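Structural overview for review
What follows is the residue order along each chain.
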Amino acid sequence: GADVPQEQKAGWASFIKSLAQMTGDLSSMTAPPFILSPTSLTEFPAYWCEHPNLFAEISEGKTEQDRMERVLRWFIDTLSAQYTTRNEKMGSEKKPLNPVLGELFYGIWPDLNGRGETRLIVEQVSHHPPITAYYIENAKAGVKLQGHSGQKTSFTGTAINVKQSGHAVLTVQPKNGQKEEKYLITLPKLRIEGIIWGSPYIELTDTNAIQSSTGLTAQIDYKGKGYFSGKSHSFKASIANASGKSLQTYEGQWTGKSHIGGSKGPIFLDTTVPKEEVTVRDVSQQTEWESRKLWVNVAKGIRTGNYDEAGKDKTRIENEQRQRRKDETTNNTTWEHLHFTHVDSDPDYQFLSALLHDKLTPAHEDAYVFKPETMDVVGRSA
Ligand code: 0T9
């Protein structure tokens, strides 16, 4: 590939070969240094809130449809952060650090202009397969998001297809006193293109949906270059009522501008306004389980090109983890989550997915329920 450093070409070629043999989970595969990111997947849930105003303003919607439109706007707005940040900051998609079981990530977005403080709590709740649980809350605004995220990957020969597992539930207490609403958010599929060239990037494919307890549904369809328009990262969305009648449509690019109604309609969203990165307390004040502290030497090695140092500390972390798992087996104990309780069937998912027109399969999904009494840690010194 054109973007692979000369001395890593052989390594990249053999990485691509091993992709062909991979089944389902490529997070633990060894990849050449140029493609490694110094950031752990536990940091990714912060992408849900890099425009905290859009998150907070959901509860200000005057009607059910107004609030659904605000949920859709906030959701579409998160996509460019979730799926293009690495390309923007590091030149291409990179392989994130594979979190250890129990890894934590805490952050806040400060209260500006009375919008309320937004808090983020992330915990790695499974290592194999990797599953990340998260909780984001703006108590003042009355908006909270709980979800978990996993991936199933497959290689097509030129691209990696990623099916996301897990879901998120957004809970909104409307400011006008109407009753609490819930929104089930399913997650889009991704295709990682540009693998052969050594410059991977993400395109979203197929659809995802947002199902409200009010009966309203938003469906989002994704297409790359040449489908809806000549532009990459395009989407069309529509909000429909419980009988499936479309009430409003939206279209445009999730990396740029989108419009209400047709492509010439009023602006729905401009995602290019500056994002607010999450505020995280300094590594010196973090515990051993907090992501940036845990990976500090690995990240430093990757950033400075000292891959020996990175590799050594990664091995140390992995050995420690192996030893913990062994000890648990010996002592007949299991690892306990700090912030989340696992439930086999999420009642919100069960209720809301049944309201969707294209009924979801399976009808049940598990969930990691946030333990509110563990919220305090975030404010401590972030
Ligand atoms: C949830 C997001 C997810 C996580 C990442 C597929 C991927 C791991 C999962 C789905 C977030 O809300 C959104 C964004 C990016 C997704 C990652 C992109 C990616 O490449 C990795 C996988 C595991 C790889 O590292 C593939 C190998 C690599 C060489 C290609 C860059």
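Per chain, the residues get numbers from 1 upward, laid out in the order the sequence is written. Confidence filtering applies because this is a predicted model: local features only for residues at pLDDT of at least 70, side-chain atom pairs given and counted only at 80 or more, and all residues used for totals across whole chains, interfaces and linings. Only hydrogens and water are removed before side-chain values are computed, so all heavy atoms of the structure are retained for them.

Remarks on the overall build of the protein chain
For clarity, the threshold we go by: A run of H or I in DSSP becomes a helix once it reaches four residues, and a run of E becomes a strand once it reaches two; helices and strands are each numbered from the N terminus. Computation of the radius of gyration draws on C-alpha atoms, with the globule rule given as 2.2 Å multiplied by the number of residues to the power 0.38. Buried means the residue's accessible area, taken with a 1.4 Å probe over protein chains only, is under 20% of the maximum for its type, while exposed means over 50%, and partly exposed covers the values in between. Residue contacts follow a heavy-atom distance rule, with two residues in contact if any of their heavy atoms lie within 4.5 Å. Surface accessibility follows the Shrake-Rupley procedure with a 1.4 Å probe radius. Residue values consider only the protein chains on display as shielding. Positive: Lys, Arg. Negative: Asp, Glu. His and the chain ends are not part of the count. Charge placement uses NZ in Lys and CZ in Arg. For Asp and Glu, CG and CD serve respectively.
The number of helices and strands found in the protein chain is seven helices and 19 strands. For the protein chain, the C-alpha radius of gyration of 21 Å lies close to 21 Å, the compact-globule estimate for 382 residues. Judged by the C-alpha coordinates and their principal axes, the protein chain covers about 55 × 50 × 40 Å. Looking at the 382 residues of the protein chain, the share that counts as buried comes to 51%. Across the protein chain, every contact between residues at least 6 apart in sequence was considered, and the portion connecting residues at least 24 apart equals 57%. Summed over its atoms, the accessible surface of the protein chain is roughly 17,800 Å², and 51% of this surface lies on carbon and sulfur atoms. Charge separation in the protein chain, taken as the distance between the mean sites of 44 positive and 47 negative side-chain charges, equals 3 Å.

A look at the side chain of Gln286
Inclusion rule: Nitrogen and oxygen atoms within 3.5 Å of one another constitute a polar contact, given that in protein one can donate a hydrogen and the other can accept it, and given that sequence-neighbouring residues count only through two side-chain atoms.
Mapped onto the elements, Gln286 comes out in the loop between β17 (267–270) and α4 (291–294). We classify Gln286 as buried; its relative accessible area is 6%. A distance of 2.9 Å separates a polar atom in the side chain of Gln286 from the backbone oxygen of Arg281. Once you skip the residues sitting within four places of it in the chain, Gln286 turns out to touch Val280, Arg281, Ser291, Arg292 and Lys293.

What to know about the pattern of salt bridges
Basically, it comes down to this: The term salt bridge refers to a side-chain nitrogen of Lys or Arg lying within 4 Å of a carboxyl oxygen of Asp or Glu.
Inspection of the entire model under this criterion finds 18 salt bridges. A salt bridge links Lys189 to Asp206; the shortest N-O distance between them is 3.9 Å. Taken together, the residues Lys189 in strand β10 (residues 189–193) and Asp206 in the loop between β11 (201–205) and β12 (207–212) connect sequence positions 17 residues apart. What makes Lys189 partly exposed here is its relative accessible area of 34%.

Observations concerning the site of the ligand
Basically, it comes down to this: Any residue with a non-hydrogen atom lying within 4 Å of a molecule or strand is treated as near it. Under this grouping Gly is polar, as are all residues other than the nonpolar Ala, Val, Leu, Ile, Met, Phe, Trp, Tyr, Cys and Pro and the charged Asp, Glu, Lys and Arg.
Taken together, the neighbourhood of the ligand is formed by 18 residues, with Leu26, Gln82, Arg86, Lys95 and Ile192 sitting nearest. Elements with a minimum of two residues in the shell around the ligand: α3 (64–90), β2 (95–97), β6 (143–155) and β7 (160–165). If one sorts the elements of the shell around the ligand by residue count, α3 sits on top with three residues. Its residues placed into classes, the shell around the ligand shows 10 nonpolar, four polar and four charged.

Points about the nonpolar core
We count it as follows: Working definition of a nonpolar core: buried Ala, Val, Leu, Ile, Met, Phe, Trp, Tyr and Cys residues. They are joined through side-chain atoms within 4.5 Å.
Residues Leu72, Trp74, Phe75, Leu145, Leu170 and Ile210 are the most contacted members of the largest nonpolar core, which totals 64 residues. Leave out the neighbours within four places in its chain, and Leu145 touches Trp48, Phe55, Trp74, Tyr134, Tyr135, Ile136, Ala168, Val169, Leu170 and Ile185.

Details of helix α1 (residues 9–21)
What counts is decided by this rule: To estimate the expected span of a helix, subtract one from its residue number and multiply by 1.5 Å. Comment: arc refers to directions from the helix axis out to C-beta atoms.
Between its first and last C-alpha, α1 extends 19 Å over 13 residues, near the 18 Å set by a 1.5 Å rise per residue. Within the sequence span of α1, burial applies to Trp12, Phe15, Ile16 and Leu19. Looking straight down α1, one finds its buried side chains confined to an arc of 100 degrees; they lie on one side. For α1, the exposed residues set more than 90 degrees away from the buried face come down to Ala10, Lys17, Ala20 and Gln21. Its buried side turned inward, α1 meets β6 and β7.

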